[in-house]
Amino acid sequence: MFVDISNTKEVANPEDLDLTVIISAFITSELRRAFIIGFLLFIPFLVIDMIVSSTLMSMGMVMLPPTTIAMPFKLMLFVLVDGWELIFKMLVSSFNV
């Protein structure tokens, strides 16, 4: 993907590639992993924010910021699903050693 297609030679070993190709491929794979982690963390937190804000609006508490009420629920969800272990497990498994 990062090798110039017009003058591509058959690459037998990864050591034959340029350092710029290797670095760009590594950065792209790590960005992909970061987006997956961010997406998996963002969606449940977004659902909690929507539930709290719609509940507060239906109760008529328009001036109360939903983040004040939602933050303890987000922390409780993160602790209950053992979030730190999930994050570190996904990061360590990305290295494929």
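The structure this text deals with has already been given above.
Below: a short report on this structure. (Residues numbered from 1 in each chain as written. Predicted model: local features only at pLDDT ≥ 70, side-chain atom pairs only at ≥ 80, totals over all residues. Heavy atoms only, no water.)

Focus: the overall build of the chain
A tally of regular secondary structure across the chain gives three helices and zero strands. A buried classification covers 11% of the 97 residues belonging to the chain. A separation threshold of at least 6 residues defines the contact pool for the chain, and within that pool the share at least 24 residues apart is 49%. Of the accessible surface of the chain, which amounts to about 8100 Å², a share of 74% is contributed by carbon and sulfur atoms. (Helix = DSSP H or I, 4+ residues; strand = E, 2+ residues; numbered from the N terminus. Buried < 20%, exposed > 50% of the residue type's maximum accessible area, 1.4 Å probe, protein only. Contact = heavy atoms within 4.5 Å. Areas by Shrake-Rupley, 256 points an atom, 1.4 Å probe, with all protein chains shown as cover.)

Quick word on the packing of helix H1 (residues 19–58) against helix H2 (residues 66–80)
For the pair H1 and H2, interaxial distance at closest approach is 9 Å and the crossing angle is 140 degrees. Judged by the inter-axis angle, H1 sits oblique to H2. In this structure, the crossing between H1 and H2 has a hand that is right-handed. When H1 is examined against H2, the residues Leu41, Pro44, Phe45, Ile48, Asp49, Val52, Ser53 and Leu56 are found in contact with a partner set consisting of Pro66, Ile69, Ala70, Phe73, Lys74, Leu77 and Phe78. Looking at side-chain class alone, the contact of H1 with H2 contains twelve nonpolar, one polar and two charged residues. (Axes fitted to C-alpha atoms, helices over the stretch in contact; angles between N-to-C directions. Parallel < 35°, antiparallel > 145°, perpendicular 65-115°, else oblique. Left-handed = near helix turned anticlockwise from the far one by under 90°. Nonpolar A, V, L, I, M, F, W, Y, C, P; charged D, E, K, R; others polar.)

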